[in-house]
Amino acid sequence: MNISPARACIGLNMLNLDGSQKLDAHGNPIPTYDQATVHQVALALTGWIYKNNAWEDFTGPLQPNDANHDMTQKTLLGCTLPANQTTVQDMNGYLDCLFNHPNVGPFISTRLIRSMVTSNPSAGYIRRVASIFNNNGSGARGDLRAVITAILTDPEARNDAAPPASGRLRDSIYNLVSFVRQLGGSITPDNGLPYLFAQMGQDPLTPPSVFSFYSPLYHDPKSKLFGPEFQIYTPTESVLRANFFWEFISNNPPTDVTLDFSSFVAVAGNIPQLIDAVDQALLYGRMPQPVRQSLANAIAAQQDNASRTQTALYLTALSGLYAVQY
Amino acid sequence: MKNTTRRNFLRYGSAFATAAGFSRFGLMNAFAQGTSDYKALVCVFLFGGNDSHNMLVPQSQAAFNAYKSIRGSLALLDGSAKLLPISASDGTPYALNDGLTSIAPLWGQNKLAAVANVGMLVQPITRQQCVGGTATVPTNLFSHADQVIAMQAGNPNGSGGTGWAGRVSDAVQSMNGSSTFPPAVSMAGSALFCAGNVVQSASLIPGFDLTLNGMTAWPDSAAAAKTQALQEVLTFDTGLALVLSADKVRQDAITLNGLLKNLNAGAPLSTQFPQTDIGQQLQQVAQIIQLRASTGMSRQVFFCSLGGFDTHSGQSWGQWDLLRQVSDGMLALSQATTEMGIADRVTTFTESDFGRTLQPSGSGTDHGWAAIIWCWGER
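The paragraphs below set out a description of the structure included in this document. Quick caveat: nothing in here was measured; it's all calculated off a predicted structure.

**Considering the overall build of chain B**
No. 1: Counting its secondary structure elements, chain B contains 13 helices and twelve strands.
No. 2: Expressed as a percentage of its 379 residues, the buried residues of chain B come to 48%.

**Quick word on the interface of chain A and chain B**
No. 1: With 64 residues of chain A in contact, the opposing surface of chain B contributes 55 residues.
No. 2: Taken together, the elements giving at least two residues each to the side of chain A that touches chain B come down to α8 (194-199), α9 (235-249), α12 (289-300), α13 (305-318) and α14 (320-323) of chain A.
No. 3: Residue contributions to the side of chain A that touches chain B peak at eight residues, all from α9(A).
No. 4: By residue class, the composition of the side of chain A that touches chain B is 35 nonpolar, 25 polar and four charged.

**Remarks on the sheet that holds strand β6 (residues 184-186) of chain B**
All names here are of chain B.
No. 1: Read from one edge to the other, the open sheet built from seven strands follows the order β5-β12-β9-β1-β8-β6-β7, with strand pairing classed as mixed. In the strand order of this sheet, the two ends are held by β5 (112-118) and β7 (202-203), each with one partner.
No. 2: Across two bridges, strand β9 (residues 346-352) lies against strand β12 (residues 371-376) in antiparallel orientation. Counted as the bridge partner of Phe-349 is Cys-375 from β12.

**Some thoughts on helix α4 (residues 104-116) of chain A**
All names here are of chain A.
No. 1: Its 13 residues give α4 an end-to-end C-alpha distance of 18 Å, which sits within 8% of 18 Å, the value for a rise of 1.5 Å per residue.
No. 2: Every buried residue belonging to α4 is among Val-104, Gly-105, Pro-106, Phe-107, Ile-108, Ser-109, Thr-110 and Ile-113, and all of these are buried.
No. 3: Buried positions along α4 lie against α1 (7-10), α3 (87-99), α5 (123-134) and α6 (144-153).

**Looking at the pairing of strand β10 (residues 356-361) of chain B**
All names here are of chain B.
No. 1: Pairing between β10 and strand β11 (residues 364-367): three bridges, direction antiparallel. Paired with Arg-356 across the strands is His-367, a residue of β11.
No. 2: Adjacent in sequence and paired antiparallel, β10 and β11 are bridged by two residues, among which Gly-362 carries a positive phi angle near 65°.

**What about the sheet that holds strand β4 (residues 93-97) of chain B?**
All names here are of chain B.
No. 1: What the three strands build is an open sheet, ordered β2-β4-β3; its pairing is antiparallel. Edge positions in the open sheet fall to β2 (56-58) and β3 (83-87), since each of these has one partner strand only. Between one strand axis and the next, the sheet turns through 35° on average, direction left out of account.
No. 2: Of the pairings in the sheet, the one linking β2 to β4 comprises three bridges and is antiparallel in character. Bridge pairing in β4 places Pro-58 opposite Tyr-94.

**As for the nonpolar core**
No. 1: Formed by 134 residues in total, the largest nonpolar core has its most connected members in Val285(B), Phe302(B), Phe303(B) and Cys304(B).
No. 2: Among the elements that line this core, the one with the most residues is helix α10 (residues 241-261) of chain B, at eleven residues.
No. 3: In this structure Cys304(B) touches Val42(B), Cys43(B), Val44(B), Met187(B), Ala188(B), Ile278(B), Gln281(B), Leu282(B) and Val285(B), once residues within four positions along its chain are discounted.
No. 4: If you look at the next biggest cluster of nonpolar residues, it comprises 16 residues, including Val117(A), Val129(A), Ala130(A) and Ala150(A).

**Some details on the packing of α9(A) against α13(A)**
Residues and elements named next belong to chain A.
No. 1: Remark: α9 packs on α13, axes separated minimally by 10 Å, with the N-to-C direction vectors making an angle of 155°. Taken together, the axes of α9 and α13 are roughly antiparallel relative to one another. Viewed along their axes, α9 and α13 form a crossing whose handedness is right-handed. On α13, the residues touching Ala-242, Phe-245, Trp-246 and Ile-249 of α9 are Gln-310, Leu-313, Tyr-314, Ala-317 and Leu-318.
No. 2: Among the residues making up the contact of α9 with α13, the classes are represented as eight nonpolar, one polar and no charged.

Rules used throughout
- Residues numbered from 1 in each chain as written.
- Chains lettered and ligands numbered in written order.
- Predicted model: local features only at pLDDT ≥ 70, side-chain atom pairs only at ≥ 80, totals over all residues.
- Helix = DSSP H or I, 4+ residues; strand = E, 2+ residues; numbered from the N terminus.
- Buried ≥ 20, exposed ≤ 12 C-beta atoms within 10 Å, placed from the backbone.
- Contact = placed C-beta atoms within 7 Å.
- Nonpolar A, V, L, I, M, F, W, Y, C, P; charged D, E, K, R; others polar.
- Pairing = 2+ DSSP bridges.
- Expected span 1.5 Å × (residues − 1).
- Axes fitted to C-alpha atoms, helices over the stretch in contact; angles between N-to-C directions.
- Core = buried A, V, L, I, M, F, W, Y, C linked by C-beta atoms within 7 Å.
- Parallel < 35°, antiparallel > 145°, perpendicular 65-115°, else oblique.
- Left-handed = near helix turned anticlockwise from the far one by under 90°.

These figures capture arrangement, not role.
The following block contains the structure:
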């Protein structure tokens, strides 16, 4: 029995509502389950066969076959699945049990916040979102629409004066796709870009492990903060990504990408206006004054409006202020 | 993806350094102490949890019978792998999976060692204590994400945010004098293994040229203004930790590119490396070792990796082929260090998430605990 799946829903240790670990009397984490649980879950999940019982026929969902199902009673994760249940009844019983485990709210909420807003959410932020997962206000558990709304409208997500540990590094796909979208461009659906992402450790739809492209537990080695996306962002990837940006910005964008810089070029004769336009498009109008000055110096040295536009966009795209969403 | 590999490295090789460049990179220091003091560690991490039970198989009759009865359908030899007989120093017979054919001769030459039962422990523990839950075991055993961190961190709960090679590099930093070349380099993306408290992890994709394409402009003054502005943007203190970290990654790239461009590799190595991913990573290791006089480095650590060892099913051929790739790469690195005359100064070893269960589950095996690892080098 592969022991990985349950970890993806409830994690390894018992959690409080705010995502912190529950501790036993000796101050140690309390495991969510043990090997005996794994064994019981394995028994509960017996009886599933390939479509039409044809070995490795992946063309349809697995089918229940009660003749192959263990009919004994199972106890797992605080639930009891009575004896003599069918394959489907035990599967549903197990999923209901897993779904109602108290870890799901804080565990899933932490993962979603990290994926959408910040790598290092406060305990209060996790608690507010996990509470909505547990009860959307109308008594429903697991209402993901309400959970996402809670994540994106939380004061910590909307804080204009970002605290020092806030933000999350954009991964390469997110970074480059959002760049095109923020500039009003488009990418054809059948584009030939995936191999460029593969070079940066993010081959689309082809993650190297069950943890996708980077571990949710990874810490940025410099700040020691949580920074999962930093796992695939080293000097090498930073240059690959920068050169990808340059392909977009220069006069030779990849054939599957459409970008129109004419609105920037039109104002490039006026340096503050050009910087304002780039700042609004990429940094939500939050570019610090010293960075504006550095950009202005570089732009002023360029010979024509196209070069000025390229310089403004490129230097902004290479800044950590753009690499990190905050 | 790897098409540009050799071309770019030839470019590094053909670059020549100026006198000013040399002193900046610590060459004077290297001349002063000579390169005879050089030592390097090379880690080959087998991601997924290598089933080492089918890498080194007991051959004494009782042990082999026990192995065969527990392993069942996975017991070697099977249709996928043959066995290569070897014997331990006390004469006990063992056999290697013949995926390791290329390095098998190193065993007879006392250049290859198997280290059995390598894994994390919080305290000595008996089977009874483990099953009964009466002794403390490492945090989250059998979990890939956690055990990969623990093995690289070098402690049983994976804490601390540094890797043991990074801490080793911290400790021997003074031996690298004034060299600014990164002492702990990953060829396989960012690796906790290489991160110290002082030493920062650096990574290189084999053969990759770290030049930023968008920095050229006409006239030269326009390019210089861009370079100046980029430097200012990347060093501006935003007060945001992750932004500063992201900026530092790009600064490191610029620094590293400057170093690589100014190094003098000398004659290219004649050793041929396999065109596999791991083969190319190990070639890059050899090429950086070859640059040691230019980099001024005396102590270096390298991290390479190969994935795919999480063989829950279809293990036999899959593992045989992965071992073959590792073995062929290892042999090439061994030959390259001999070619450079430093075979007794480079020690290479494998690590993995964990070992795997002895009993099979279908056509594969489940996550286990300790495992056999390889060490090789010369005395």
